Amino acid sequence: MSRWIVLGLPVSTDEGVMTLEELEGSPEDAERALLRAANTFEHGLWKVLRREVFQCSDRSYFIRIHGRMNTHSFLIQLAELIHDSDKQVTI
């Protein structure tokens, strides 16, 4: 039997969105960077005891990182630049 998770993500102005990596490359390069972040991001925890990675879509993962004292949860998504007014790029 498969294991699933249903997410309800609150939006908070107290917590900022972090850019874990920025890159130029093919969709495959970007997907590899996304998976690498899901498997290695530690949010500054001194020691990670357990990591749970749930795939939400081809471009997003929900991760729970369990440390000695705390558990942190993150939605890690891949986003593609579709407009940059500085460079007049629009897709």
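What counts, and at which threshold
Residues numbered from 1 in each chain as written. Predicted model: local features only at pLDDT ≥ 70, side-chain atom pairs only at ≥ 80, totals over all residues. Heavy atoms only, no water. Helix = DSSP H or I, 4+ residues; strand = E, 2+ residues; numbered from the N terminus. Buried < 20%, exposed > 50% of the residue type's maximum accessible area, 1.4 Å probe, protein only. Contact = heavy atoms within 4.5 Å. Areas by Shrake-Rupley, 256 points an atom, 1.4 Å probe, with all protein chains shown as cover. Phe/Tyr/Trp six-rings, centres within 6.5 Å; stacked < 30°, edge-to-face > 60°. Pairing = 2+ DSSP bridges.

Student: So what's going on with the overall build of the protein? Which residues, and what values?
Tutor: Scanning the protein for helices and strands turns up one helix and five strands. Burial status across the protein gives 20% buried among its 91 residues. Counting only contacts in the protein whose residues sit at least 6 apart along the sequence, the fraction spanning at least 24 positions is 31%. In the form shown here, the protein has an accessible surface area of approximately 7,700 Å², with 50% of it arising from carbon and sulfur atoms.

Student: If you had to explain the packing of aromatic side chains to someone new, which residues and values would you point to?
Tutor: A complete count under the given rule lists two aromatic pairs for this structure. With a centroid separation of 5.0 Å and an interplanar angle of 85°, the aromatic rings of phenylalanine 41 and phenylalanine 74 are classed as edge-to-face. Pair noted here: phenylalanine 41 is in the loop between helix H1 (27-40) and strand S1 (50-57) and phenylalanine 74 is in strand S3 (residues 71-77), with a separation of 33 residues, a long-range link. Exposure class is identical for phenylalanine 41 and phenylalanine 74. Each is buried. Taking the centre distance of 6.3 Å and the plane angle of 45° together, the rings of phenylalanine 54 and phenylalanine 62 count as tilted. Just as phenylalanine 54 is buried, phenylalanine 62 falls in that class too.

Student: Outline the pairing of S1, supporting the account with residue identities and numerical values.
Tutor: Alignment of S1 against strand S2 (residues 60-66), held across seven bridges, turns out to be antiparallel. By the bridge assignment for S2, glutamine 55 is matched with tyrosine 61. Hairpin remark: S1 followed by S2, antiparallel, with two residues in the connecting loop.

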